[in-house]
Amino acid sequence: MSAHTLPDLPYAYDALEPFISRQIMELHHKKHHQTYVNALNAAEASYAKSSTPRERIALQAALKFNGGGHINHSLFWKNLAPASSEGKGNGGSLKAGPLKEAIEQTFGSLDALKKEFNATTAGIQGSGWGWLGLNPSTRRLEITTTANQDPLLTHVPIIGVDIWEHAFYLQYLNVKVDYLNAIWSVINFEEAEKRYTEGLSSSKL
């Protein structure tokens, strides 16, 4: 089994400023995500050497937490883009297309989606993730959350937002709502639409 590696960011560490600072991005990517990758590789190596069900069961928590952390953050980096409002990129810009149509059909407007998403995500107790996901059964967009580093398994992830303090505290302190309001300016809706159309065309999660 090949080792997992830290993916490169598709932009510079300061590219999401002023909405997410360079300091946060460097720590979040180089330190936090790297830690999940290292711990996942260690857990998988231990699992490969384990010889009893007891040993394998004992590793499940580490595999879930660190595997989820790696999966979620790998999605998260692609989920973001330099802000169009700052003339830097396409972040925050939802153009006409199937995703915009689905958002308007389900929520009424992008602003209504943001309001409901932010309220749901801000309500997470402790750490976790807020998600806009595609329900594979109904083929409709839904807002949901996962605790800790649990990956989204019930839906196709379209947009995921990290609500762990390491994602925002150095810039927004304990004011989650300010962070949630700001992050929409750097959401990569082109990537989200790609996931949405791929999710519609596939029965697989």
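Let me begin by describing the structure that accompanies this report. Because the structure is a prediction, the values reported are computed rather than measured. (Residues numbered from 1 in each chain as written. Predicted model: local features only at pLDDT ≥ 70, side-chain atom pairs only at ≥ 80, totals over all residues. Heavy atoms only, no water.)

## Some details on helix 8 (residues 189-201)
1) Next: Here helix 8 spans 18 Å end to end across 13 residues, near enough to the 18 Å set by a 1.5 Å rise per residue.
2) Next: Residues of helix 8 that are buried: Phe189, Glu191, Ala192, Arg195, Tyr196 and Gly199. An end-on view of helix 8 places all buried positions within 155° of arc, on one side of the element.
3) Next: Packing partners of the buried residues in helix 8 comprise helix 3 (60-79), helix 4 (98-107), helix 5 (110-122), strand 1 (128-135), strand 2 (140-147) and strand 3 (156-162).
4) Next: In this structure Asn188 caps helix 8, since a side-chain oxygen of it lies 3.1 Å from the backbone nitrogen of Glu190. (Helix = DSSP H or I, 4+ residues; strand = E, 2+ residues; numbered from the N terminus. Expected span 1.5 Å × (residues − 1). Buried < 20%, exposed > 50% of the residue type's maximum accessible area, 1.4 Å probe, protein only. Arc of directions from axis to C-beta. Contact = heavy atoms within 4.5 Å. Polar contact = N/O pair within 3.5 Å; in protein donor to acceptor, adjacent residues only side chain to side chain.)

## Brief notes about the sheet that holds strand 1
Sheet strands pair via backbone hydrogen bonds, and the direction of the pair is either parallel or antiparallel.
1) Next: Strand order in this open sheet of 3 strands is 2-1-3, and the pairing throughout is antiparallel. Bordering the open sheet on either side are strand 2 and strand 3, each of which pairs with just one other strand. Each strand axis lies, on average, 25° off the axis of its neighbour in the sheet, ignoring direction.
2) Next: One ladder, built from 6 bridges, connects strand 1 with strand 3; its direction is antiparallel. Paired with Trp129 across the bridge in strand 3 is Asp162.
3) Next: Contacting strand 1 and strand 3, helix 3 crosses the sheet at an angle of about 85° to strand 3. (Pairing = 2+ DSSP bridges. Axes fitted to C-alpha atoms, helices over the stretch in contact; angles between N-to-C directions.)

## A few points about the nonpolar core
1) Next: In this structure, Ile158 and Tyr179 are the most contacted members of the largest nonpolar core, which totals 49 residues.
2) Next: Leave out the neighbours within four places in its chain, and Ile158 touches Asn79, Leu99, Leu132, Gly133, Leu134, Leu141, Ala192, Arg195 and Tyr196. (Core = buried A, V, L, I, M, F, W, Y, C linked by side-chain atoms within 4.5 Å.)

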